[in-house]
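Report on the structure
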Amino acid sequence: MEKKKQALPARRQVVMSGIRPTGFLHLGNYFGAVRNYVRMQEEYECYFMVADLHSLTTHPDTKELKANVHRVLAENIACGLDPDKVALYCQSHLYETCELYLYLCMLAYKGELEKTSTFKEKARKQPDNINAGLLTYPVLQTADIIIHRARYVPVGKDQEQHLEMARNFVNRFNHRYGEVFPEPAAFNFGEELLKIPSLDGAGKMSKSENQYATIYLSDDDELIRKKVMRAKTDPGPAERNSAKPDYIENLFLLMKLVGTGDEVKKFDEDFNNCTIRYGDMKKQLAEDMVKFVHPIREKAEAFRNDEKYLKEVMQKGAEKATKSANATMERVREAMGLKYF
Ligand code: TYM
């Protein structure tokens, strides 16, 4: 068979993702998203942003916004994101996103937007503020991603449906106006997307709900210990090799993420032999979590207090992102027939 000549890629593969500044970052944000941002920064062309515009769909009061934007930036950097290697910016600083969002709005249908799970959930929670921004949330998210013509989007499991919608919008655009965008996909190094459960066994860790069952990157050592020790357990298995209930499975998952393989193996064996002592397991998990969160918290605090540095990060990030966005928008306007001279 004749071998096709492979042209060298002109650009590294492009990665894009974002986090809303609606509260404190937690282990779910870390393991679902930020850890992969850090792993990807060496090999990919990366764009990571603080989704301040998206936060306005649910948090219209902007009193805390600046502090929250600073916190998210500081926590990302404390987790190992290097603003010299990636574009780390603020969504509202990339004006071109709003133009692309508007064009994509003409390709998105009311029916499909109304069926989105996050829309239905938020509409239920804030019946007096079902605004158009909430309805078109996935359209703006698509614009965020494809403004850089990104292919890979490191996110947690809860973002799966938004990514599916992004692919639909991209295909519609390409079909109508010509191939401009690659199809973006949620990314976790070939593994299942993660959902980090809350410690009470009811739902997932979250920035604004379930606060006592969520470990935040800003929690101090004592608070982490308290939260972990309160995690839901039971008297233990009555029969050897029985299935683990969800809330116990969750503790094992967390231990796999922050602890050592040996510990997991030991407690797993204890579980299967019906000799497990959940108090001991939680004590171990708490110490592992403290060890994990403590250095991130300290670094984040230092970055958060350095406004001058954060301003430089945002400016440099916006500059890099704008360059990439301008190149995309040239192609978009051309493809859409919006160039009149
Ligand atoms: P947000 O701010 O809710 O969450 C930020 C990232 O953290 C992940 N995540 C979790 N992963 C695993 N377990 C959990 N318990 C958990 N909680 C949160 C989320 O999946 C996400 O990756 N719509 C997005 C923000 C956004 C965006 C984008 C993302 C705006 N534009 C463009 C990607 C690309 C959101 O609300 O994330």
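Residues numbered from 1 in each chain as written. Predicted model: local features only at pLDDT ≥ 70, side-chain atom pairs only at ≥ 80, totals over all residues. Heavy atoms only, no water.

Following the criterion strictly, the structure yields 1 cavity of 30 Å³ or more and no others. The calculated volume of the largest cavity comes to roughly 40 Å³. What lines the largest cavity is simply Thr118, Phe119, Lys122, Leu134, Tyr137 and His162. Element by element, the count of residues in the lining of the largest cavity is highest for helix 6 (residues 117-125), at 3 residues. (1 Å grid on protein atoms, 1.4 Å probe; cavity = no way out; pocket = protein on both sides within 12 Å on 5 of 7 lines; lining within 4 Å. Points joined across faces, edges and corners; volume = space filled by probe spheres on them. Helix = DSSP H or I, 4+ residues; strand = E, 2+ residues; numbered from the N terminus.)

Below, the discussion takes up the domain arrangement of the protein. Taken domain by domain, the protein comprises domain 1 (14-187 + 306-336) and domain 2 (211-301). One C-alpha centre belongs to domain 1, the other to domain 2; they are set 32 Å apart. If you look at the interface, domain 1 gives 12 residues, while domain 2 gives 13 residues. Across the domain 1 to domain 2 interface the summed buried area is about 1,100 Å²; carbon plus sulfur atoms make up 79%. It is Leu27, Phe31 and Ala78 in domain 1 that bury the most area against domain 2; as a group they hold 46% of the surface buried on that side. Taken together, the links from domain 1 to domain 2 amount to 2 residue pairs in polar contact (both at pLDDT 80 or more). Elements with a contribution of two residues or more to the side of domain 1 that touches domain 2: helix 1 (27-40) and helix 3 (65-78). For the side of domain 1 that touches domain 2, the per-class residue count stands at 8 nonpolar, 1 polar and 3 charged. (Domains from an automatic or database assignment. Contact = heavy atoms within 4.5 Å. Buried area = accessible area lost by both parts, 1.4 Å probe. Polar contact = N/O pair within 3.5 Å; in protein donor to acceptor, adjacent residues only side chain to side chain. Nonpolar A, V, L, I, M, F, W, Y, C, P; charged D, E, K, R; others polar.)

This next bit is on the side chain of Gln91. Structurally, Gln91 can be placed in the loop between strand 3 (87-90) and helix 4 (96-105). Residue class for Gln91 comes out buried when judged on its relative accessible area of 1%. Among the polar contacts listed, one links the side chain of Gln91 to the side chain of Asp144, at a separation of 3.0 Å. If sequence neighbours within four positions are ignored, Gln91 has contacts with Met49, Val50, Ala51, Asp52, Leu53, His54, Leu140 and Asp144. (Buried < 20%, exposed > 50% of the residue type's maximum accessible area, 1.4 Å probe, protein only.)

For Asp220, the position within the fold is in the loop between strand 5 (185-187) and helix 10 (221-229). Classification of Asp220 by relative accessible area gives partly exposed; the value is 41%. For the pair Asp220 and Val293, spaced 73 residues apart in sequence, the C-alpha separation works out to 8.4 Å.

The geometry of an aromatic ring pair is captured by two quantities: the separation of the ring centres and the angle between the planes. For the coordinates displayed, the defined rule picks out 12 aromatic pairs. Ring centres 6.3 Å apart and planes at 65° place the aromatic pair Tyr44 and Phe187 in the edge-to-face group. One end of the pair, Tyr44, is in the loop between helix 1 and strand 2 (45-50); the other, Phe187, is in strand 5, with 143 residues separating them in the sequence. What makes Tyr44 buried here is its relative accessible area of 15%. When the ring of Phe173 is compared with that of Phe181, the centres are 5.1 Å apart and the planes differ by 65°; the resulting orientation is edge-to-face. With respect to burial, Phe173 and Phe181 carry one shared label: buried. In textbook terms, an aromatic cluster arises when at least three aromatic residues are bridged by ring pairs, as seen for Tyr44, Tyr152, Phe187 and Phe189. The ring of Phe24 has Arg71 lying over it, and the distance from NZ or CZ to the ring centre is 3.7 Å. If you follow Lys232 out to its NZ or CZ, it ends over the ring of Tyr247, 4.5 Å from the centre. (Phe/Tyr/Trp six-rings, centres within 6.5 Å; stacked < 30°, edge-to-face > 60°. Lys NZ or Arg CZ within 6 Å of the ring centre and 35° of its normal.)

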